[in-house]
Amino acid sequence: MLRSAAATIVAVASLSATLDAQVRPADPDAVLDSIEHQWSLGHYPEALIRMDALLGSAGGAASLERMALLTGELFRTDSVAADGRDVQWSRDGRYAAYSSGTGPARKLHIVSMTGERRVTTIPGRNLVFSPAGTDAAYLGVAETPAIATLRARADSAMERRDTEAFRRVQGELARLEAATAAIRVRDLRTGREREIDAPGLSRRGIAWAADGRTLYLIGGPEAEAGRSNIYAVGSTPEPSMIVNAAGPRTSLHAAPGGRYLVYIEQRGLVIRDLTGPDERIFPARAYATAADGSAIVFVQRDSAQNTLTWLPLDAESAPVELLRTARPLDNPALSPDKSRVVFQMMPRENWELYVIGVDGRDERRITHEVQHDLFPRFLDTSRVLAVIGEARHRRAHVHDLSTGERTKVFHNNTVRTISAEYEWAASPDGTKLLIVAERDGNTISPERSVYLTDLTRRVTVEELRARVRANLAAEQDLRERGRATFEPIEARVREAVQAVSVSRIHGYASDLFAFGSKYITQPGNTRAIEFLAARLREFGYEPELQWFEPRPGIRTANVIARLPGTTDPDLVYVISSHFDSVEEGPGSDDNTSGTTALLEAARVLATRPQAATIEFAFFTGEEAGLLGSREFVRRAVAGGKRIVGALNNDMIGFANDHRIDNTIRYSNDGVRDLQHAAAFLFTSLVTYDARYYKNTDAHAYYERYGDIVGGIGSYPILGNPHYHQSHDVLETVNQHLVAAVSGTTVASIMAMASAPSRLAGLTVTRSGSGAVAEWRPAAEQGVTAYLVAYGPADEPTRHRRTVTGPRAELPGATQGMTVWVKAVGRDGMVGWDWARGVVE
């Protein structure tokens, strides 16, 4: 059940005597080693109790860094904005900026970073700070009737899932916005603005010249929609053309010093000398310039070789080849003193970071990870900021080149919830970071918050101890509720989970791996359908093959096995995984891992029916656009199937490290907490969580049945460098991890299908000095009672009642309070999710 803030405080206080009575350690390092081992196993209460004791001892301060990084953040982090993106700093560090909103709600926000932070909000996009940091230029876009019409057409195409129409309309919208955008310059000291005229030109992007008076505009005659010329505007009455050529231009940068303009176009990297007609072109797509504009470093590519090249920006210097290799190279960056270059190189399947001198000597590897290390940039001459992971979950780290140490930067200071990060911008002096992240783990809402991390300010012992105690209270509460959830059926669940076989799972995986790609156009897809159906028949099911043609001439099928419920057969719970892969590879993690876990769950449960019906759904066509899951849901809705809960597992087996851990990806809080409990009560799996379903098969359920979905997938959210690659092969998967997920899934679905589902029709109305709550009777047979809770925002479950019918009087309930209701089954199983209502 939800725990109120007041209850948490009481729980923490009640632990104090126990915590302070712990034996004070004589060897803090040895105790920390033991704590870290417990943490890696997911023994969080034990680790947190010992951590609190260590922090309260004489050696606590010396142990602060390791414990802070284990539990969350070492550096102080403050919230800047609840919603923002496109973070950047002015060159002098006095200002920062971010954007928010879309369409007519698009806004720019300029933040004063000296003294008390003040935020100025203006409508527009594409903000750039002047070299001196005194002005900001941006593009103001008017919401004309024509633009509004195109935006409505784009929304309609999105609703119809007409990707081609959406892209076409978006292109028209971008051209119209570029034609109507106004170039504005804002004086950051006074707030006064002026507009720069560029008649007849579209405005796609802007950059400041070194003089701080001129702007470079990417655009072209409005009649030539695809053209991206470059013009100098603002310092002369009329725009002055700098570049006149077809094709798009991006990554425009005016190098300090004022002589060179650098940009990317179809021919490659262009370095244009503004004092004459000369330009130098290199077959490159990634570059970085020195802070003073005197040099550039870039990666050149040809069919067989990649070259890291250093070039002083003067007319006489020749390019200096620092490194030539057949391995992929990317994202170079120069140190502030221009003595070294940091860059990405791929020694095998994943990107690693390397550093080399500008003389081509002293090449050194910085990272040794099984995930991608990406986007390095120097904070100062000895520290590099970089991120680890795939696009849907990357984590920032600082690498000390002198010591070789790596320090995690950002977290949300909780045990379980994953904090997804998306953008990072370092202040010019390298002491602060602006980070765009979902610190609450909610990837469903469109908002992404902006945070400021100060690398010069560390958390205190007192702050860390408060964090530890809050996490301990939350973890103990989660475990207490989890034990209560499973208590009536614990013995049955444990017996079932123990039947899960690692060797069987490995056998399924080996067979599926032999089919190669299982994309809907490949022979392996049909072979996988036949294999799954054959295995399910061996287990005693009569599988349904849902054949359909997602594309002309392409025939594929979902494979569905049904385990009828013993008392509530019309109520259906679904466990699903997609069995197809991308066209380029066998998909051993994505998603043979989920498929084999599901197949083993189907085997284990075949002789263990539950109160409600369980369906095992092996989806096809996920990689081609969620085709199978949407076909399954379409048929379910058309047939009146009453799906009341679902679990979807996707990418669960990547052998990241020694830990048996993974992420619960959920839209439903009740499923989340139940799955945590299933993991720590019955398996060795350590679970984290993120509110996440978009662009997975869980999305299909959500669209038609609402927030009934949980499941497990990829640690954390997405960290596998083999994702969608030909090298997503069998040896990259940890079958013990897959088995742990399968066991957790078995336990989860047994609890869900044995307990009452979420109640429907809850209404709450004022009545006298309180309120009355009413709801539809539970759909399950044998419900004996209903639990009701309500209270103020700081203690939402202060008042609790148990009633036998679908109605409860709520004395003292006031407007705005949330009311929570669950059903209790005949065997004592309590509903796995709360119905929620608000006192009107």
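It should be noted that the structure appears before, not after, this text.
No experiment lies behind these values; they were computed from the predicted model shown.

S.K.: Requested: an account of the nonpolar core, with residues and values cited.
M.R.: In terms of nonpolar packing, the biggest core is built from 70 residues, with F486, L536, Y541, F616, F618 and V746 touching the most fellow members. Ranked by residue count, the leading element in this core is helix α15 (residues 735-754), at twelve residues. With sequence-adjacent residues up to four places away left out, F616 is seen in contact with Y541, V559, I560, A561, L563, I575, L598, A601, A602 and L605. Counting residues in hydrophobic clusters, the runner-up holds 48 residues, among them L48, L55, V387 and A437.

S.K.: Just give me the short version of the sheet that holds strand β46 (residues 818-824), but keep the residues and values in it.
M.R.: Taken together, the four strands give an open sheet; going across it, the order is β44-β43-β46-β47, and neighbouring strands pair in antiparallel fashion. The sheet is open, and its two borders are formed by β44 (799-803) and β47 (835-838), each paired with just one other strand. Looking at each pair of strands side by side, their axes are set apart by 20° on average, direction ignored.

S.K.: Account for the packing of helix α3 (residues 44-55) against helix α7 (residues 461-486), naming residues and giving values.
M.R.: α7 packs onto α3 with a crossing angle of 155° between their chain directions and a minimal axis gap of 9 Å. Here α7 runs roughly antiparallel to α3, going by the angle between their axes. Along this stretch, α3 crosses α7, giving a crossing that reads as left-handed. Where α3 approaches α7, its residues Y44, P45, L48, I49, M51, D52 and L55 are matched on the opposing element by V461, L464, R465, V468, R469, N471, L472, E475, Q476 and R479. Taken together, the residues that form the contact of α3 with α7 break down as ten nonpolar, two polar and five charged.

S.K.: Break down the packing of aromatic side chains for me, with residues and values.
M.R.: Per the stated rule, a full pass over the model turns up twelve aromatic pairs. Aromatic pair F515 and F531: ring centres 6.0 Å apart, planes at 75°, arrangement edge-to-face. Taken together, the residues F515 in the loop between α9 (502-513) and α10 (523-538) and F531 in helix α10 connect sequence positions 16 residues apart. Three or more aromatic residues joined by ring pairs form one cluster here, namely F619, F632 and Y701. Across from the ring centre of Y422, 3.5 Å away, lies the NZ or CZ of R448, which sits over that ring. Directly above the ring of F680 sits R479, whose terminal nitrogen or CZ lies 4.6 Å from the centroid.

S.K.: Could you give me a rundown of the sheet that holds strand β7 (residues 135-140), with the residues and numbers involved?
M.R.: One open sheet accounts for four strands, arranged β6-β7-β8-β9; its pairing is antiparallel. If you trace the sheet from one side to the other, it starts and ends with β6 (125-129) and β9 (193-196), each paired once. Mean inter-strand twist for the sheet, computed between neighbouring axes without regard to direction, equals 25°. Note: strand β8 (residues 182-187) against β9, four bridges, orientation antiparallel. Bridge assignment links R186 to a residue of β9, and that residue is E193.

S.K.: Please set out the side chain of R151 residue by residue, giving values where relevant.
M.R.: Counting through the fold element by element, R151 comes out in helix α5 (residues 145-159). What makes R151 buried here is its relative accessible area of 15%. Each residue touching R151, except ones within four places of it in the same chain, is listed here: G103, P104, E143, L173 and E177.

S.K.: So what about the pairing of strand β11 (residues 215-219)? Which residues, and what values?
M.R.: Counting buried residues along β11, five of its five residues qualify, which places the element largely inside the surrounding structure. Both faces of β11 are covered, namely the face carrying L215, L217 and G219 and the face carrying Y216 and I218. Here strand β10 (residues 205-208) runs beside β11; their pairing, made up of four bridges, is antiparallel. Opposite G205, over in β11, you have I218 as the bridge partner. Pairing of β11 with strand β12 (residues 229-233), which is carried by five bridges, proceeds in the antiparallel orientation. Bridge pairing in β12 links L215 to V233.

Calculation criteria
- Residues numbered from 1 in each chain as written.
- Predicted model: local features only at pLDDT ≥ 70, side-chain atom pairs only at ≥ 80, totals over all residues.
- Heavy atoms only, no water.
- Core = buried A, V, L, I, M, F, W, Y, C linked by side-chain atoms within 4.5 Å.
- Buried < 20%, exposed > 50% of the residue type's maximum accessible area, 1.4 Å probe, protein only.
- Helix = DSSP H or I, 4+ residues; strand = E, 2+ residues; numbered from the N terminus.
- Contact = heavy atoms within 4.5 Å.
- Pairing = 2+ DSSP bridges.
- Axes fitted to C-alpha atoms, helices over the stretch in contact; angles between N-to-C directions.
- Parallel < 35°, antiparallel > 145°, perpendicular 65-115°, else oblique.
- Left-handed = near helix turned anticlockwise from the far one by under 90°.
- Nonpolar A, V, L, I, M, F, W, Y, C, P; charged D, E, K, R; others polar.
- Phe/Tyr/Trp six-rings, centres within 6.5 Å; stacked < 30°, edge-to-face > 60°.
- Lys NZ or Arg CZ within 6 Å of the ring centre and 35° of its normal.

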